[in-house]
Amino acid sequence: MKQEKSMQDTTIPHLRKQGNALQLIVDGEPFLILGGELHNSSASSMAYMAPIWERMLALNINTVLAPVSWELLEPEEGTFDFTLVDALIQDARTHNLRLILLWFGSWKNGTSSYVPGWVKQDYHRFPRIPIRDGRSAEVLSTLAEANWQADATAFAALMQHIRTVDSTHHTVIMIQVENEVGIQSDSRDRTPAANAAFAGQVPQELMEQLKEHQNELAPEVLQSWMAHGLKASGTWEEIFGSGPDTDEFFMAWNYARYIDAITVAGKNQYALPMFVNTWLRHPTNKMGDWLHGSSLPYVFDIWLAGAPHIDFLTPDIYVPNFSEWCERYTRRGNPLFIPEMFPDVSGARNIFYAIGQHNAIGTSPFAVDGIEQPETAPLSQTYASLKQLTPLILEHQGRNVTIGVLLDKNHSGFTWRTEQFELNITLDSMWRAAAENGYGLIIALSPDTFIGVGSGFGISFKPITPGPALVGLRSVDEGTYDDGKWIPGRRLNGDETDQGHKWRFSPSGISIQRCTVYRYE
Ligand code: DGJ
């Protein structure tokens, strides 16, 4: 992924490479986001928020994702009100929590419902898009300079303010620019400006980027381009053919350019890491159901070309095939961060996989303020265990020594090769019940010592280097980490390790275990 290093100030939260991972650095140290996103309207009232902070702590969340809306920040043009932002930062600090602010500016879930009233009402100055049936949608056009200028002015004011109140505290660690952009109900913007741009040449910056990354492009863009002769220049339809796919490529480019302009305005004031989030296209969606132009995997390369100041693209994963989406959002050096996912037990399981398998910067289930009984919720248990393991996870990220586990009946096992062993990881099936779900993560601390966390899976070992042919469990301990120090609990043997044949994570709860193996003959 293209990194714009020029704007990176390493004294504030920033991104840094470790091996093949990109880590978020906060106060000079790698930081793992155990996050949670609030319901959309919660942070618009600090009184409403008052009881929520303790619930975040009960969930073992360390970072709250909270919207800041353009309409409340700039109720009158040029008049900014930072009261809510200041209170949010103050309350987060009091509870020792970090914040990721979500800029609900021009678009939220594709519509422009969070723009100030003075923007909404002045639709001549701030054009919306007419869609195919001639109706006007409450969606600001990306092709109107007045739109992005006004948004960029407000966003820059926000970032300048955050710099003033937070550049020495670092309570705010990242920013999401807009929220799930794209056009629904039509494949592209049909304003006169958009029609003219669509009839014009594909910008050379995009063509150059496609050429440079031709070997790694998403197949959809590459195939359309190839099918029309791999031309170096031409109109959108000359390069990619005519049809809804080309419309979508066009929209992706225009959303990316618009958001990049806003991002630059914000980063010029205070250059925190900034990302965009994506409403994923469900497999059953028909044309017009999803947000056309959103940063979906098949237009990923267009987004990377169009928004070089955005640090990474992220998926909001509410659709099936969690692992596949993680895979698709880790192309071209894009680090995985999941700003939205289910807050229930499925989300709590998937988090381990994202972090263990893909070196995720972090995860953030949505609507966490609505979770009933936070103290005992699955998310609280997941984050409690990951909190203990955070120093180890961060130390080993990007070094190819960690794996995520996500098993069910349709995908009941896989193998993982480490330096000296092949681990066969399967759904746990000991004694009275076969597990229906297996989830967790494993770190190879050294060639023969492993730390694992999770539930419902078992591991057997096979050697893959010369030497004695058999592998035994030398010891398996369950335990906890207290401030980075291992405190062993039960020594696991007998049924708990299938009489020494398997390193097991019982389905009855989440455990943290340390296992050492040896070879014999
Ligand atoms: C995705 C959006 O990004 C959120 O703000 C929220 O609207 C959820 N969908 C609701 O499911």
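Residues numbered from 1 in each chain as written. Predicted model: local features only at pLDDT ≥ 70, side-chain atom pairs only at ≥ 80, totals over all residues. Heavy atoms only, no water.

1. Re the sheet that holds strand S3 (residues 29-31)
Through backbone hydrogen bonds, the strands of a sheet pair up, either in parallel or in antiparallel fashion.
Here's step 1: Read across the sheet, three strands follow the order S1-S2-S3 without closing on themselves; strand pairing throughout is antiparallel. One side of each edge strand has no neighbouring strand; the edge strands of this open sheet are strand S1 (14-18) and S3. Strand-to-strand, the axes of this sheet are offset by a mean angle of 55°, without reference to chain direction.
Here's step 2: Pairing of S1 with strand S2 (residues 21-26), which is carried by five bridges, proceeds in the antiparallel orientation. By the bridge assignment for S2, His-14 is matched with Ile-25.
Here's step 3: Contacts from helix H15 (residues 378-396) reach S1, S2 and S3, with the element oriented near 65° to S1. (Pairing = 2+ DSSP bridges. Helix = DSSP H or I, 4+ residues; strand = E, 2+ residues; numbered from the N terminus. Axes fitted to C-alpha atoms, helices over the stretch in contact; angles between N-to-C directions. Contact = heavy atoms within 4.5 Å.)

2. Some points on the environment of Ile-302
Here's step 1: Structurally, Ile-302 is set in helix H12 (residues 300-306).
Here's step 2: Exposure remark for Ile-302: the relative accessible area of 0% places this residue in the buried category.
Here's step 3: With 32 residues separating them in the primary sequence, Ile-302 and Tyr-270 have C-alpha atoms 26 Å apart.
Here's step 4: Apart from residues no more than four positions distant in its own chain, Ile-302 is found in contact with Leu-206, Val-221, Phe-249, Ala-252 and Trp-253. (Buried < 20%, exposed > 50% of the residue type's maximum accessible area, 1.4 Å probe, protein only.)

3. With respect to the sheet that holds strand S19 (residues 449-455)
Here's step 1: Judged by pairing direction, the sheet is antiparallel, and its six strands sit side by side in the order S15-S18-S19-S24-S21-S22 without closing on themselves. Looking at which strands have only one partner, the edges of the open sheet turn out to be strand S15 (402-407) and strand S22 (485-491). Between one strand and the next, the sheet's axes are offset by a mean angle of 30°, whatever the strand orientation.
Here's step 2: Across seven bridges, strand S18 (residues 438-446) lies against S19 in antiparallel orientation. Residue pairing across strands places Ser-446 opposite Thr-449, the latter belonging to S19.
Here's step 3: Strands S15, S18, S19, strand S21 (470-482) and strand S24 (511-520) of the sheet are contacted by H15, whose axis makes an angle of about 45° with S18.

4. Quick word on the confidence of the model for the protein chain
Here's step 1: Here the protein chain averages 96 in pLDDT, while 98% of its residues score no lower than 70.
Here's step 2: Contacts of residues 1-5 to residues separated by more than four positions or lying in other chains number 12 contacts, the stretch itself having pLDDT below 50. (pLDDT = per-residue confidence, 0-100.)

5. Observations regarding the pattern of salt bridges
Here's step 1: One pass over the full model with this rule turns up 17 salt bridges.
Here's step 2: With its nearest N and O atoms 2.7 Å apart, the salt bridge here joins Glu-77 to Arg-125. Of this pair, Glu-77 sits in the loop between helix H3 (70-73) and helix H4 (83-94) while Arg-125 sits in the loop between helix H5 (117-121) and strand S7 (128-130), placing them 48 residues apart in sequence.
Here's step 3: Given a relative accessible area of 44%, Glu-77 falls into the partly exposed group. (Salt bridge = Lys/Arg side-chain N within 4 Å of Asp/Glu carboxyl O.)

6. Description of the packing of H4 against helix H6 (residues 145-166)
Here's step 1: Where H4 contacts H6, the two axes come as close as 11 Å, and the packing angle between them is 40°. In terms of orientation, H4 lies oblique with respect to H6. Relative to H6, H4 is oriented so that their crossing is right-handed. Contacts between H4 and H6 involve Val-85, Asp-86, Ile-89 and Arg-93 on the former and, on the latter, Leu-158, His-161, Val-165 and Asp-166.
Here's step 2: Of the residues in the contact of H4 with H6, the class split is four nonpolar, one polar and three charged. (Parallel < 35°, antiparallel > 145°, perpendicular 65-115°, else oblique. Left-handed = near helix turned anticlockwise from the far one by under 90°. Nonpolar A, V, L, I, M, F, W, Y, C, P; charged D, E, K, R; others polar.)

7. Considering the pairing of strand S6 (residues 98-108)
Here's step 1: With 11 of its 11 residues buried, S6 lies for the most part within the structure.
Here's step 2: As defined by bridge partners, strand S5 (residues 63-69) adjoins S6 across seven bridges and the pair is classed as parallel. Opposite Ala-66, over in S6, you have Leu-101 as the bridge partner.
Here's step 3: Taken together, the six bridges between S6 and strand S9 (residues 172-179) define a ladder with parallel strand orientation. Considered in S9, the bridge of Leu-102 is made with Gln-176.

8. Thoughts on the packing of aromatic side chains
Here's step 1: Scanning the entire structure with this criterion turns up 26 aromatic pairs.
Here's step 2: Ring geometry for Phe-104 against Tyr-114: centres 4.8 Å apart, planes inclined by 75°, an arrangement best described as edge-to-face. Of this pair, Phe-104 sits in strand S6 while Tyr-114 is found in the loop between S6 and H5, placing the two residues 10 residues apart along the sequence.
Here's step 3: Considering the side-chain rings of Phe-275 and Phe-312, the 5.4 Å spacing of their centres and the 5° angle between planes classify their relative orientation as stacked. Separated by 37 residues along the polypeptide, Phe-275 in strand S10 (residues 274-279) and Phe-312 in strand S11 (residues 312-317) bring together distant segments of the chain. (Phe/Tyr/Trp six-rings, centres within 6.5 Å; stacked < 30°, edge-to-face > 60°.)

9. What to know about the site of the ligand
Here's step 1: The full set of residues close to the ligand is Asn-40, Lys-108, Asn-109, Asn-179, Glu-180, Asp-316, Glu-340 and Phe-366.
Here's step 2: Interatomic distance of 2.9 Å between a side-chain N/O atom of Asn-40 and an oxygen atom of the ligand.
Here's step 3: At 3.4 Å from an oxygen atom of the ligand is found a side-chain nitrogen or oxygen belonging to Glu-180.
Here's step 4: Its free accessible area being 290 Å², the ligand has 74% of it covered by the protein chains.
Here's step 5: Classifying every residue of the shell around the ligand by side-chain character gives one nonpolar, three polar and four charged. (Near = heavy atom within 4 Å. Polar contact = N/O pair within 3.5 Å; in protein donor to acceptor, adjacent residues only side chain to side chain. Areas by Shrake-Rupley, 256 points an atom, 1.4 Å probe, with all protein chains shown as cover.)

10. Let's talk about the nonpolar core
Here's step 1: One finds Ile-175 and Trp-303 to be the most contacted residues of the largest nonpolar core, which totals 124 residues.
Here's step 2: Among the elements that make up this core, the one with the highest residue count is helix H11 (residues 244-269) (11 residues).
Here's step 3: Membership of the second largest hydrophobic core comes to 24 residues, among which are Leu-427, Ala-435, Ile-459 and Val-476. (Core = buried A, V, L, I, M, F, W, Y, C linked by side-chain atoms within 4.5 Å.)

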